[in-house]
Every structure is written in C-alpha cells, then in structure tokens.
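The lines below spell out each chain.
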Amino acid sequence: MKKIVLFVLLSALMLASCGNQSSGTVNPSSEEPTVSESSEENSLAEQSTVSVYTEEVESEHLCSDEEEWDYVFKYGNIPGELIDYIGTDKFNAWVHNESYTKERNIQSCIEYFGLTKEDLTEALDPPETDDTGFDLTVSEIDALCSGDQAKINRAFASQKAVVSENGSIYTISWLAAHTAEDYQAAGLDKSAIETAIQNCVEPDNVPAVNEYIEKAEAAVAEMK
C-alpha cells in the first residue's frame, strides 16, 4: 500500500535542530488551498475545550527516530491516499502556507479541509485494527470526526504520556516539573504514570530523558 508520510507535529523543528532533513515528500506550490464552508462551521478545534499539555522535551538532547512524547506517530502523519483525495496542489499549498500557524497533523488536516467521516472512509478504507502503526482505524476516524478533543487524545496519546480523567495529555517533561499533589489535582492515575515513565526509558540512555524520569519517579513515589 502506498504511503506518503509527512512528518508534522514538532518533528520539523526537532530534526532541524539536530541538523537532519525532513522526510516530507510534497513540493511547494503557490496555489491557494480551498477550504469548504463546513470546515469553519464544524471546526473540531472550536468544539474542543480540553487542555492538552505537551510541554516540549528539549529537542537538542533528544535527536532520535521517535519523538512520540505526546501523540503517537500516526497522529502527526498524513497518509498518501488522503493527500491524493484532497489534491496534491491544495495539500502542498496548505503545507507551505506561512500564515497557517497551527501544527500540521491528521487532526488539523481534517479541520482545515473540512473532511467528513465519509470522506476519510472513502479515501482510506480504514481497517478495524492496525498492526503497522501507520493506518488509521475505524475507531480512530470516529474519534477524529467526533469533535471531542478528549476522545481524540485518548485515541492517539503516546504510551510515553499520561491521559488524565478529563482527557488531557501530560508528557514526561510535565511530570518531571510537577509534584505528586499536582498529579492528583490533574486527575492522573498512579499506575498510568508509572507505565508512562517506564515507556520513556531510552535504550540509548539519553541524559536529558533520564533526568526527567528520575524527577517523575521521585514525585510519583509520594502519591498516596
């Protein structure tokens, strides 16, 4: 299956800081994108009220192939089939539109182009389950089209992060900067925090990550 993967979220900035090149395959275009009226009326961003905590881990210390500190990899990628469905020229114009200030990911792509669940189903033929880490599933598309940010967060949160009771995402760097009392006030489950911390252990033993882990471990140990 053809997959044209566009690295979005913070990857462009992170890779740039590491001296790497982006792997995006789209080309610049001067054509202005066409946004359907429904995209403004039904914007998921306007309907969403859940706060999402995604405080950055300092990228200069964390150059690696995986940067899934808040959301899973597929949340930050646009499938090639969807690019074809939208139209390459329109998609390229969005990607290179400097006046667009939101992060570019699958959610913002859907919002910007006013895509519906039917559009996504037609373009992607989603499976019920995904063993590849790239394919959007039926349930994930349901979440993306729900207008419920908490539901979207729960569907796409990284295993390296913790999702609170109200659906907010808390990264390892947030955990490292806060206390056990903060965890409890945010509605974070102790076992979920411990699992996220374990998932953040880096095989390359990155000092910055180890520091975050140590601080988070000390804080979670004080939870009742």
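None of the values given here were measured: they were computed from a predicted structure.

*Asks:* Describe the overall build of the protein, and please don't skip the residues or the numbers.
*Replies:* A tally of helices and strands in the protein yields 13 helices and 2 strands. Across the 224 residues of the protein, 47% fall into the buried class. In the protein, of all internal contacts separated by at least 6 residues, the share reaching a separation of at least 24 is 69%. With an accessible surface of roughly 11700 Å², the protein has 46% of that area assigned to carbon and sulfur atoms.

*Asks:* Which residues make up the packing of aromatic side chains, and what values do they have?
*Replies:* Taken as a whole and judged by the stated rule, the model has 11 aromatic pairs. Centroid distance Trp 174 to Tyr 183: 6.1 Å. Interplanar angle 35°. Geometry classified as tilted. Tyr 183 carries the same exposure label as Trp 174, and that label is buried. A network of ring pairs unites the aromatic residues Phe 91, Trp 94, Tyr 100, Tyr 112 and Phe 113 as a single cluster. Over the ring of Trp 94 we find Arg 104; its NZ or CZ atom is 5.8 Å from the centre of that ring.

*Asks:* Can you tell me about the nonpolar core, naming the residues and giving the values?
*Replies:* With 27 residues, the main nonpolar core has Leu 82, Phe 91, Trp 94, Ile 106, Cys 109 and Phe 113 as its most contacted residues. Those elements giving two or more residues to this core turn out to be helix H4 (80-86), helix H5 (88-95), helix H6 (106-113), helix H7 (117-124), helix H8 (138-144) and helix H9 (149-156). When residues of this core are assigned to their parent elements, the largest contribution, 5 residues, is made by H6. In terms of nonpolar packing, the next biggest core, distinct from the first, is built from 23 residues, Ile 193, Ala 196, Ile 213 and Ala 219 among them.

*Asks:* Can you lay out the packing of helix H12 (residues 190-199) against helix H13 (residues 207-221) for me, pointing to particular residues and giving the numbers?
*Replies:* It is the contact of H12 with H13, at a shortest axis distance of 10 Å, that shows an interaxial angle of 160°. When the axis of H12 is compared with that of H13, the two are roughly antiparallel. Considering how the two elements wind past one another, H12 and H13 form a crossing that is left-handed. Together, Lys 190, Ile 193, Glu 194 and Ile 197 of H12 and Ile 213, Ala 216, Glu 217 and Val 220 of H13 make up the contact between the two elements. Its residues assigned to classes, the contact of H12 with H13 comprises 5 nonpolar, no polar and 3 charged.

Reading the values: rules and limits
Residues numbered from 1 in each chain as written. Predicted model: local features only at pLDDT ≥ 70, side-chain atom pairs only at ≥ 80, totals over all residues. Heavy atoms only, no water. Helix = DSSP H or I, 4+ residues; strand = E, 2+ residues; numbered from the N terminus. Buried < 20%, exposed > 50% of the residue type's maximum accessible area, 1.4 Å probe, protein only. Contact = heavy atoms within 4.5 Å. Areas by Shrake-Rupley, 256 points an atom, 1.4 Å probe, with all protein chains shown as cover. Phe/Tyr/Trp six-rings, centres within 6.5 Å; stacked < 30°, edge-to-face > 60°. Lys NZ or Arg CZ within 6 Å of the ring centre and 35° of its normal. Core = buried A, V, L, I, M, F, W, Y, C linked by side-chain atoms within 4.5 Å. Axes fitted to C-alpha atoms, helices over the stretch in contact; angles between N-to-C directions. Parallel < 35°, antiparallel > 145°, perpendicular 65-115°, else oblique. Left-handed = near helix turned anticlockwise from the far one by under 90°. Nonpolar A, V, L, I, M, F, W, Y, C, P; charged D, E, K, R; others polar.

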